[in-house]
Structure formats: structure tokens, C-alpha cells
Amino acid sequence: MRPVVELEDVWVELGGHTVLEAITMRVGEGEFVSVVGPNGAGKTTLLKVILGLVVPQRGEVRVFGRPPRDLGRDRARIGYVPQVEEVDLRFPLRVFDVVLMGRYGTLGLGRRPRGEDRRAALEALELVGIRDLAGKLIGELSGGQRQRAFVARALAAKPKLLLLDEPTTGVDPAASESFYELLRKIQETGVTVLMVTHDVGVVSRYVDKVACINRRLVVHGRPEEVVTSEALAEMYGCAALFFHHGRIPHMVVRPHADFRKEGT
Amino acid sequence: MSLLGYVFMQRALIAGALIGATAGAIGVYVVLRGFSFIGAGIAHAAFGGVAIALLLGIDPLWGALAFPLVVAWGIAYTSRRAAIKEEVAVGILFAASMALGIFLLSFIPGYRADLFGYLFGNILAVSSRDLFTSFVLAGLVFTAMTVLYKEFLFVTFDPGMAEVSGLPVGVLQGVLLSLVALTVVLSLRVVGAVLVAALLVIPAATAYQVVRNFHHLLLFSALIGVAEVVGGLIISFYLDTPSGPTIVLLSASLFGLVMILRKRSA
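Residues numbered from 1 in each chain as written. Chains lettered and ligands numbered in written order. Predicted model: local features only at pLDDT ≥ 70, side-chain atom pairs only at ≥ 80, totals over all residues. Heavy atoms only, no water.

A. Seen up close, the overall build of chain B. Along chain B, the regular secondary structure elements total 12 helices and 0 strands. N-terminal to C-terminal, the α/β element order of chain B is α-α-α-α-α-α-α-α-α-α-α-α. Computed over C-alpha atoms, the radius of gyration of chain B comes to 18 Å, within 12% of the 18 Å expected from 2.2 N^0.38 for 266 residues, which places it in the range of a compact globule. Considering only C-alpha atoms, chain B reaches an extent of 55 × 50 × 30 Å along its principal axes. With 266 residues in all, chain B has 54% of them scored as buried. Of the contacts made within chain B by residues no fewer than 6 positions apart, 76% connect residues no fewer than 24 positions apart. In the form shown here, chain B has an accessible surface area of approximately 11300 Å², with 72% of it arising from carbon and sulfur atoms. The positive charge centre, built from 13 side chains, and the negative charge centre, built from 10, are 6 Å apart in chain B. (Helix = DSSP H or I, 4+ residues; strand = E, 2+ residues; numbered from the N terminus. Rg over C-alpha atoms; globule rule 2.2 N^0.38 Å. Buried < 20%, exposed > 50% of the residue type's maximum accessible area, 1.4 Å probe, protein only. Contact = heavy atoms within 4.5 Å. Areas by Shrake-Rupley, 256 points an atom, 1.4 Å probe, with all protein chains shown as cover. Lys, Arg positive; Asp, Glu negative; His and termini not counted. Charge placed at Lys NZ, Arg CZ, Asp CG, Glu CD.)

Structural data, given as C-alpha cells:
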């Protein structure tokens, strides 16, 4: 399997704090990988490193075999779904217009979107299953629908690598599961998917690999290896309680003190 | 004599229509981006610039043009570096350039008439040369808005993603603020430094209440802007009131009316 993302001994320091420490990992073509870890573990920074928005102090990053900053036009081969809160939802834009923005990066300065761009936007809406909502305002969608709209925007440029940052924040569990199904469907079209999440349990049923990050890469492997390992407990710095439910164990994470008090 | 019989009034009305359209359109970005305060900051910077130019004996237009542009890029730079909060930077600039303007103007004998005109607008002050400048500035703003339509939209809606897509976000935000600065300079004669910001905000905020689509918002805001500036000028002609406050009161009333009607219908 050809690697799509390669990180070698990557160190990132932001504002005097080490955010990422000696991260070495590879994501192969066509894989679906989730990056899990506690708040402030450097998960978002990891995505920004891959996007070339953050340049590591040390180490090497290659995306499609090249440093992200040298990708040029191939930058459009990376789709990105940021955390939703960064966008003003009162903006008077239809869902279709938002998805069409996904094509802007490939168009060049001053160029207007054309027929093929509109077609790509509609196809992306079709794929994520909200084509019927194309004419609604972005602020009128539910959390889950909106998340799909942002995935469609990322897909409109027909990327080979899709990066998602906490895409199921504020989305109810049932909608989260069908969202992960969608990511599987996208993966089946040949897209490599890398998703940052704090949802350690459920997501394990859908992904090929889990990477646990807490500044360092704690473990990176198949979900069943990772979830049953001591690594999660170490990563969260708290007691991890597993219960088996189907093939993959689910996990409940609680602060250590509470865990003791309840005596479970 | 009817109002169109006066040459100064003809000039003021043409300039007013240009101002209304330009401020209305660029104001959409100001409102959506939450830049209302920045608009006010830039307007006051223009006043400081005018004072410096008058004192140096050069055309006030150059001062009004150069000073806000420096401030606009200063704001764009500060907001990206985030060493201090944007509104703090604007808050300081706002008061300081206003103070500088009045401080400097007090050294010029007989400054009071000029001062009042620059602060609150003076329709008698629109010369044929001002009119020519207005056409050039408005043309510049509209050309930039047309060519960079999709870039401005992207940068305003989602700067983070725009950067990921490889757009030069810092430069585009600087250009957008420069267009705001040009609009302020364009409007200075007719509306005055104190009230220019209202022209950037009120038409867009009024249109925002009734429109569901971004490019309709641009169009409606520009049309509302034209109607309000021209209407305000006509009222100020007959009531013999300063043009700036008359325009702003008319705009604010229309905004309030639309808001009430919309609440009723909802």
C-alpha cells in the first residue's frame, strides 16, 4: 500500500509549548484512520501539519510523497472538514453555494465557477445524501445535515485524502453512526480518510486503524489491538472501563477520582 | 427654483447615488464579518488624515486616502498577528485619529467651518473635481468587488477554509479593508467622518432582514443605499439640515420600519 501521509519524527512547538512530540506515522492509500486523544493532545495541530498550515520545528512531513507546502495545485487533492464552530451560520448562503466553495481552490484567482464545478457540487451533495437540501440556507440545517454539507464541500474538489476534525461534535449518537457509515462509503470510492475524534468507542467499528495521540503517538494500530491495550488508559490519564458489546469492546472513560468513589 | 436647478445639488445627488451604491455593497462584507466597528475606525482615521493634509497644505483627498489605507492594513495585520485584540486596536486608533484631527485643525485659522463639514457632511462642498474622484473611487471598488467576488465571499464566510484552499487570506482581507477605506473617503464630503460608518452598516443590515441569498443581499443593499442617500439629500435640501445626519436618520428609520414589519409578518 502506497503511503498517502508520512510523518517522521515530527515535533511542533506552539507558543512555547510542545504540542506534538516525535510523531512518526503512516497512512496508507485507501485507509480509514481515526486519531483519538484527550483535549489539547495536539490532534487538530496534527491535521494542520498535514495541511501545511503548521510547519514542524523538527521532522519530515510528506503528503502524496511531497512536503505539504510544495503541493501547489495538488493541494486540492486534500479535502478538509474543520470544526463547525468556526463558521457564521447566519450567513445568507444556500447549501449549494457552500458546497460550490469547495471548488474555489482549484479555480484560480478571479475565475468564476462553471458548469463542471456546479456538477461536481451536486454530485458531492448526492454522495452525502442531502441533494434535496441544496436550496436551503446553511443555517437552516440540523447539526448532522450541516456536517454532511461540509463533507460535501470537501468532496466537491474530488480529493484523494479527506481530513476531518471532530466531525460529530454536537451530533446525536444515531446521526453519528450513520455519518461514520457515510465515511466508509467515501472510503470505498478510493479516498483515504483521516478523522480526528474524541469518540473512542463507536468509531472503532468503522475504521481500519486508530492512532492514539497525547502529544506523543501512544499507539497506532488496528482498533481491536488499540482498544484493548493499556495505551488508552495511559493516554487519558484516567481509568478506562471497557464493556463488550459486539465484536469491538466499547469503552467508558471516567476521571480516576469518580471511579474510585463509586467503587465500581 | 426646483432642487435640480442648482448645480451643486445635481453634483451632490450624483455623488450621493455613487456613495449609496458603493457603501451599500461593500457594507455587506462589513456587516457579515462583524466589522462595523472597524468601519467606524477607518472613517475616523480619514478625518485625521484630512487634518494632516490641510495643515501640510496638500489636497485633503490625499490625506483622506493615505491615512485610512495605512490603518486598514494595520488592522488586517494586527488581527492576523493577534498580539492585541482587534477591537482594542481599533478603539485606540478611533479616538486617537479623531483627536489628532481636531488638535491639528485648531492650528488652522478659521477652521471651524471646515471642521463641521468634514465631521457631518456638506453638500455644498462637492466640487466637479470631487465628482470625478467619486467616479474613479466607486469604479475601483466595484471592479475589485466583481473580479474578486468569489474570493471575498470565501474569505468572509470561512477564512480558515479559504486559507486551506490556498487563498492569500491576509492579502484579501487587507484589500477588502482598503475598499472599505476608499468607500469612506468617497463618502466623506457628503456624509462626514462621524456618520460614514452608518452608511456601511445600515443599508446592509436592512437588506439582510429581507433577503436570503448572498448576491441578492449585495444588490439590495446597494439599492437601499442609493435610495437612502439620495432621499436624505433631498430632505436635507428642503429642511436645510446637515446632509449626513439627515441621511443617517432616514436610514435608521427605514431599518426600524423593516424590522417591525418583519416581526409582524413572522
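B. How the structure looks around the interface of chain A and chain B. Residue-level contacts link 27 residues of chain A with 24 residues of chain B. Among the residues of chain A in contact with chain B, F91, P92 and Y104 of chain A are the three that bury the most area, contributing 26% of the side total. Where chain A packs against chain B, one counts 2 salt bridges. Residue D158 of chain B is joined to R153 of chain A by a salt bridge in which the shortest nitrogen-to-oxygen separation is 2.9 Å. In this assembly, chain A and chain B are joined by 8 residue pairs in polar contact (both at pLDDT 80 or more). The leading source of residues in the side of chain A that touches chain B is helix α3 (residues 104-107) of chain A, at 3 residues. (Buried area = accessible area lost by both parts, 1.4 Å probe. Salt bridge = Lys/Arg side-chain N within 4 Å of Asp/Glu carboxyl O. Polar contact = N/O pair within 3.5 Å; in protein donor to acceptor, adjacent residues only side chain to side chain.)

C. Examining the nonpolar core more closely. Counting 163 residues, the largest nonpolar core has L162 of chain A together with F214 of chain B as the members making the most contacts within it. Top contributing element to this core by residue count: helix α9 (residues 169-191) of chain B, with 14 residues. Among all residues touching L162 of chain A, those that are not within four sequence positions of it are G79, Y80, V81, V151, A154, L155, L183, I186, V191, T192, V193 and L194 of chain A. (Core = buried A, V, L, I, M, F, W, Y, C linked by side-chain atoms within 4.5 Å.)

D. Structural context of the packing of aromatic side chains. According to the stated counting rule, one finds 12 aromatic pairs over all chains in the structure shown. Taking 5.8 Å as the distance between ring centres and 20° as the angle between the ring planes, the aromatic pair formed by F91 of chain A and F214 of chain B counts as stacked. Of this pair, F91 of chain A sits in the loop between β5 (78-81) and α2 (95-100) while F214 of chain B sits in helix α11 (residues 214-239), on two different chains. Note on accessibility: F91 of chain A and F214 of chain B belong to one class, buried. Here the aromatic rings of Y29 of chain B and F152 of chain B are separated by 5.9 Å at their centres, their planes lie at 70°, and the arrangement is edge-to-face. (Phe/Tyr/Trp six-rings, centres within 6.5 Å; stacked < 30°, edge-to-face > 60°.)

E. Main features of the sheet that holds strand β1 (residues 3-14) of chain A. Residue and element names in this part refer to chain A. With antiparallel pairing, the 3 strands of this open sheet are ordered in space as β2-β1-β4. With one partner strand each, in any of the chains shown, β2 (17-28) and β4 (58-63) form the two edges of the open sheet. Each strand of the sheet is rotated relative to its neighbour by a mean of 20°, with strand direction disregarded. Where β1 and β4 come together, 5 bridges link them in antiparallel fashion. When the bridges of β4 are listed, L7 appears paired with V61. The strands touched by helix α1 (residues 43-51) are β1, β2 and β4; relative to β1, the strand with the most contacts, the crossing angle is about 120°. (Pairing = 2+ DSSP bridges. Axes fitted to C-alpha atoms, helices over the stretch in contact; angles between N-to-C directions.)

F. View of the packing of helix α2 (residues 36-56) of chain B against helix α10 (residues 196-210) of chain B. Residues and elements named next belong to chain B. With their axes 8 Å apart at the nearest point, α2 and α10 run at an angle of 155° to one another. Judged by the inter-axis angle, α2 sits roughly antiparallel to α10. Note that α2 runs across α10; the crossing there is right-handed. Across the interface between the two elements, S36, G39, A40 and A43 of α2 pack against V196, A197, L200 and V201 of α10. (Parallel < 35°, antiparallel > 145°, perpendicular 65-115°, else oblique. Left-handed = near helix turned anticlockwise from the far one by under 90°.)

G. Spotlight on the environment of A198 of chain B. Residue and element names in this part refer to chain B. Among the structural elements, A198 can be located in helix α10. The buried category is assigned to A198, whose relative accessible area is 18%. For the pair formed by A198 and T241, sequence separation is 43 residues and the distance between their alpha carbons is 18 Å.

H. Structural context of a nonpolar patch on the surface. All names here are of chain B. Residues V210, L219, F220 and L223 make up a contiguous nonpolar surface patch of roughly 390 Å² in combined accessible area. In terms of residue count, the dominant contributor to the nonpolar patch is α11 (3 residues). Inspection of the secondary structure puts L219 in helix α11. (Patch = residues over 30% accessible without salt bridge, like charges linked within 9 Å, V, L, I, M, F, W, Y side chains within 5 Å.)

I. Focus on the pairing of strand β3 (residues 32-36) of chain A. Most of β3 of chain A sits inside the fold, with 5 of its 5 residues counted as buried. Alternating positions in β3 of chain A separate into two faces, F32, S34 and V36 of chain A on one and V33 and V35 of chain A on the other, with burial throughout.

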